[in-house]
Number of protein chains: 2
Amino acid sequence: MKIPTNRQIVLAARPDGNAKVTDFNVVSHPRPIPGDGEVLFRNTLISLDPYQRNLMGNASSELPLIDIGQPMPGPTIAVVAESMHPDFAAGAHVVTWSGWQEYGLLNGAGLRKIDPAAAPMSAALSVLGHTGLTAWVGLNKFLDPLPGGTFVVTAAAGSVGSVVAQLAKLRGQRVVGIAGGAEKVRYLKEELGLADAVDYKAPDFAAQLARALPNGIGTLFENVGGHIFEALMPYFNMRAQIVICGAIAQYGFPGAPEGPDRLPELLKAFLYRFVVIRGFALPDHFDSMPDFLAEVAPLVAAGKIKYGEHFVDGFENIPAAFLQLFDGGNKGKLIARIAAP
Amino acid sequence: MKIPTNRQIVLAARPDGNAKVTDFNVVSHPRPIPGDGEVLFRNTLISLDPYQRNLMGNASSELPLIDIGQPMPGPTIAVVAESMHPDFAAGAHVVTWSGWQEYGLLNGAGLRKIDPAAAPMSAALSVLGHTGLTAWVGLNKFLDPLPGGTFVVTAAAGSVGSVVAQLAKLRGQRVVGIAGGAEKVRYLKEELGLADAVDYKAPDFAAQLARALPNGIGTLFENVGGHIFEALMPYFNMRAQIVICGAIAQYGFPGAPEGPDRLPELLKAFLYRFVVIRGFALPDHFDSMPDFLAEVAPLVAAGKIKYGEHFVDGFENIPAAFLQLFDGGNKGKLIARIAAP
């Protein structure tokens, strides 16, 4: 008899700089068997997210690392395969945090049931999942924009940025998105209806920025860091509010980049313009999921918040797909489709 | 008949880098004559402060500049010479914001009477004046240190820093002062009784810092900026609270210094350690003067808050004395004594 297996993608090596396909291995283990109170589930959709680079090591992050040989953690959508838990019937659809593997076993904690009739299931990994929640928490708990002000979002075509940009627009902000490439700029202006969008890869990026920000920046939702943040600093208005949600440009590069040293300029923005900068960690805010869904799910259902998803098929293609996050190759939330639902 | 004169020290040139004596001129005007409701006063003590460099131009500051030929503004202690105002009798002692000149004329607004019996008059320019108020506002309105935490003060032997350090110590903080030179370090440890003090001019500054901060930094009151701030960044604890009160190391140097670029490291401190940095402007808080004096004047009278003053005699010596602020030559609040009270 053939023993049922569970393939995992594990960390093979700590990357130096950007991650490479060879930093991962595909390994096969016997599929786990549920004991009393446990649920065995089969992953169908796996979320690929920039912060996962931070867990691999040699990154700018200060988060704890995973060990070499451990599977990459992260959110998934799964279907219950075998259940020894009264709350989860076989065939039920759930969101898990079981990572890059075909099957997972949990005792019920950490599993959240989703209704496949309410929205496409993939939305629970994107606009109605952890990335949408990140956008909503940053905007609602850490920013209080002045009415009608200029609200800048970096990585604005990304899974977090596009939701922030649309929520801010619904609140009457003049939203300017920063993204890489003409197609993303077109998407932001024409499909999301932002007031303006700027291409950071364009040779006239500085001039585009100046044209898009005639009244400076009142609020900034920052996902990128690095040179894009530094280009925005001169535009910070008095009492500008800034949330640092990510620093994807920095993740692979832990050391200090070559100069000039722009830090004194930021200290001046605190001293003379009283800017406020805040960071936050999503796990501290998971209990906001019901409030978030109560507001955002109807907006998504009504088409008032659009979202993009970028699917890649096949479990073994996950590592190569993951690398796209760092060269801007994906458009919308990157999701691996590894099995039929 | 000789016309009575009023000498002023005016801005002669906008400095390039640190200010020089030749950036100032001494000029002589006819002494003003008070009209109805006006007060002519004779300055006796003139405050010399680092922020005044920012008003001269070619500085890192974003504050409005004074014009070439204008007298340098700032706080003084004066005695009323001739009064056409019912609230200010000749001979009364007042605090003014009349700047570097022998006489001034005001309509009563901006003059605050002081009682020469309550404290030495010079204290109204230092521990019981604008520098003490700056310390108190920064600590009381913008910081809420965790009990027993490590509280770091830069320029800790200075007029603002020394008051902050002592107030924080009175609140149970473990206070570590940063200052330049062995004598200032001795003063901080032995006379102010701080838990520790570190000499930023010493060749083993980094090692001294590591020894003084075994539990990192919970709170930072920052007066210096530049390389000292950058040396402190790695010690910021989770949710460290930071007030940027000044950046004296940067004032003369508006451009970005040579690299490496330390800004990405600070963005990481927001993203992963949730540090909070705030700036403030003292003029927004002048209405706190009564609350400040109610708390701090009794502490000064009881010897629980010590203060240092560094006097320089002679009106014409003000420019040379002012330059000491930027090489750390003064110890305690720098005050020019230009006439008998």
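Residues numbered from 1 in each chain as written. Chains lettered and ligands numbered in written order. Predicted model: local features only at pLDDT ≥ 70, side-chain atom pairs only at ≥ 80, totals over all residues. Heavy atoms only, no water.

(A) Structural detail: the overall build of chain A. From N to C terminus, chain A includes nine helices and 15 strands. A compact globule built from 341 residues should have a C-alpha radius of gyration of about 20 Å, and chain A, at 21 Å, falls within 12% of that. C-alpha extents for chain A along the principal axes are approximately 70 × 45 × 35 Å. Within chain A, residue pairs in contact and separated by at least 24 positions form 68% of the contacts whose partners lie at least 6 positions apart. As displayed, chain A offers around 13600 Å² of accessible surface, 56% of which is attributable to carbon and sulfur atoms. If you average the places of the 28 positive and of the 31 negative side-chain charges in chain A, the two averages end up 5 Å apart. (Helix = DSSP H or I, 4+ residues; strand = E, 2+ residues; numbered from the N terminus. Rg over C-alpha atoms; globule rule 2.2 N^0.38 Å. Contact = heavy atoms within 4.5 Å. Areas by Shrake-Rupley, 256 points an atom, 1.4 Å probe, with all protein chains shown as cover. Lys, Arg positive; Asp, Glu negative; His and termini not counted. Charge placed at Lys NZ, Arg CZ, Asp CG, Glu CD.)

(B) Local environment of the domain arrangement of chain A. All names here are of chain A. Domain parsing of chain A yields domain 1 (5-126 + 308-337) and domain 2 (130-282). Contacts between the two partners involve 25 residues from domain 1 and, on the opposite side, 15 residues from domain 2. Roughly 1500 Å² is buried in total at the junction of domain 1 and domain 2, and carbon and sulfur atoms are behind 56% of that figure. Taken as a group, Ser60, Ser126 and Lys331 account for 31% of the area that domain 1 buries against domain 2, more than any other trio of residues on that side. In this assembly, domain 1 and domain 2 are joined by zero salt bridges. Inspection of the domain 1/domain 2 interface yields six residue pairs in polar contact (both at pLDDT 80 or more). In terms of residue count, the dominant contributor to the side of domain 1 that touches domain 2 is helix α1 (residues 51-54) (three residues). Its residues assigned to classes, the side of domain 1 that touches domain 2 comprises nine nonpolar, eleven polar and five charged. (Domains from an automatic or database assignment. Buried area = accessible area lost by both parts, 1.4 Å probe. Salt bridge = Lys/Arg side-chain N within 4 Å of Asp/Glu carboxyl O. Polar contact = N/O pair within 3.5 Å; in protein donor to acceptor, adjacent residues only side chain to side chain. Nonpolar A, V, L, I, M, F, W, Y, C, P; charged D, E, K, R; others polar.)

(C) Region of interest: the relation of the copies chain B and chain A. The two copies are related by a screw operation: chain B maps onto chain A through 180° of rotation and 0.0 Å of translation along the axis, at an RMSD of 0.0 Å. Both copies are brought into coincidence by an operation consistent with a two-fold rotation axis. For chain B, the smallest separation between a C-alpha atom and the rotation axis is recorded for Gly259 of chain B, amounting to 1.6 Å. Counting the interface residues of chain B, we find that 100% of their copies in chain A are interface residues as well, pointing to one common contact surface. (Least-squares fit on C-alpha atoms with pLDDT ≥ 70 in both.)

(D) Spotlight on the UniProt feature "domain: Oxidoreductase N-terminal" (unreviewed entry) in chain A. UniProt records the feature "domain: Oxidoreductase N-terminal" (unreviewed entry) for residues 7-114 of chain A in the present numbering. Along residues 7-114 of chain A one finds 4% helix and 36% strand; the C-alpha atoms at either end are 25 Å apart. (UniProt positions renumbered as here; feature names shortened; annotations may be inferred.)

(E) Looking closely at the side chain of His130 of chain B. All names here are of chain B. Along the chain, the position of His130 falls in helix α1 (residues 130-142). Of the polar contacts made by the side chain of His130, one reaches the side chain of Asp49; its length is 3.1 Å. Beyond its immediate sequence surroundings of up to four residues, His130 is in contact with Ser47, Asp49, Pro75, Trp97, Ala124, Leu125, Leu282 and Lys333.

(F) Representation of the pattern of salt bridges within the structure. Applying the stated criterion across every chain yields a total of 30 salt bridges over all chains. Among the ionic pairs, Arg239 of chain A bridges to Asp284 of chain B, the shortest N-O distance being 3.7 Å. Placement of Arg239 of chain A in strand β12 (residues 236-244) and of Asp284 of chain B in the loop between β13 (276-279) and α7 (289-301) is noted, with the two residues assigned to different chains.

(G) How the structure looks around the pairing of β13 of chain B. Residues and elements named next belong to chain B. Covered by surrounding structure in β13 are Ile277 and Gly279 only, the residues Val276 and Arg278 on the alternate face being uncovered. When strand β12 (residues 236-244) meets β13, the two strands line up parallel, connected through four bridges. Among the inter-strand pairings, Val243 is bridged to a residue of β13, identified as Arg278. (Buried < 20%, exposed > 50% of the residue type's maximum accessible area, 1.4 Å probe, protein only. Pairing = 2+ DSSP bridges.)

(H) Structural detail: the sheet that holds strand β10 (residues 196-199) of chain A. Residue and element names in this part refer to chain A. What the six strands build is an open sheet, ordered β10-β9-β8-β11-β12-β13; its pairing is parallel. Each having just a single partner strand, β10 and β13 (276-279) make up the two edges of the open sheet. Here the average twist between neighbouring strands, direction ignored, is 15°. Its contacts with the sheet place helix α3 (residues 159-170) against β8 (150-154), β9 (174-179) and β11 (217-222), and it is angled at close to 170° to β8. (Axes fitted to C-alpha atoms, helices over the stretch in contact; angles between N-to-C directions.)

(I) Examining the interface of chain B and chain A more closely. Each side of the interface is counted separately: chain B has 43 residues, and chain A has 43 residues. Roughly 3500 Å² of surface becomes buried between chain B and chain A when both sides are summed, with 64% attributable to carbon and sulfur atoms. At the boundary of chain B with chain A, the tally comes to four salt bridges. Linking chain B with chain A are twelve residue pairs in polar contact (both at pLDDT 80 or more), by the criterion used here. Of all the secondary structure elements, the ones that give two or more residues to the side of chain B that touches chain A are α5 (226-232), β12, α6 (263-273) and β13 of chain B. In terms of residues, the side of chain B that touches chain A owes the most to one element, α6 of chain B, which gives nine residues.

(J) Spatial organisation of the UniProt feature "domain: Alcohol dehydrogenase-like C-terminal" (unreviewed entry) in chain A. Per the UniProt annotation, the sites labelled "domain: Alcohol dehydrogenase-like C-terminal" (unreviewed entry) are residues 160-250 of chain A. Regarding residues 160-250 of chain A, the helix share stands at 40% and the strand share at 27%, and the terminal C-alpha atoms are separated by 17 Å.

(K) Spatial organisation of the sheet that holds strand β10 (residues 196-199) of chain B. Residues and elements named next belong to chain B. One open sheet holds the six strands; their spatial order is β10-β9-β8-β11-β12-β13, and the pairing between them is parallel. Every other strand in the sheet has two partners, leaving β10 and β13 as the edge strands with one partner each. Each adjacent strand pair in this sheet contributes to an overall mean axis angle of 15°, direction not counted. Lying over the sheet, α1 contacts β8 (150-154), β11 (217-222), β12 and β13, oriented at roughly 145° with respect to β11.

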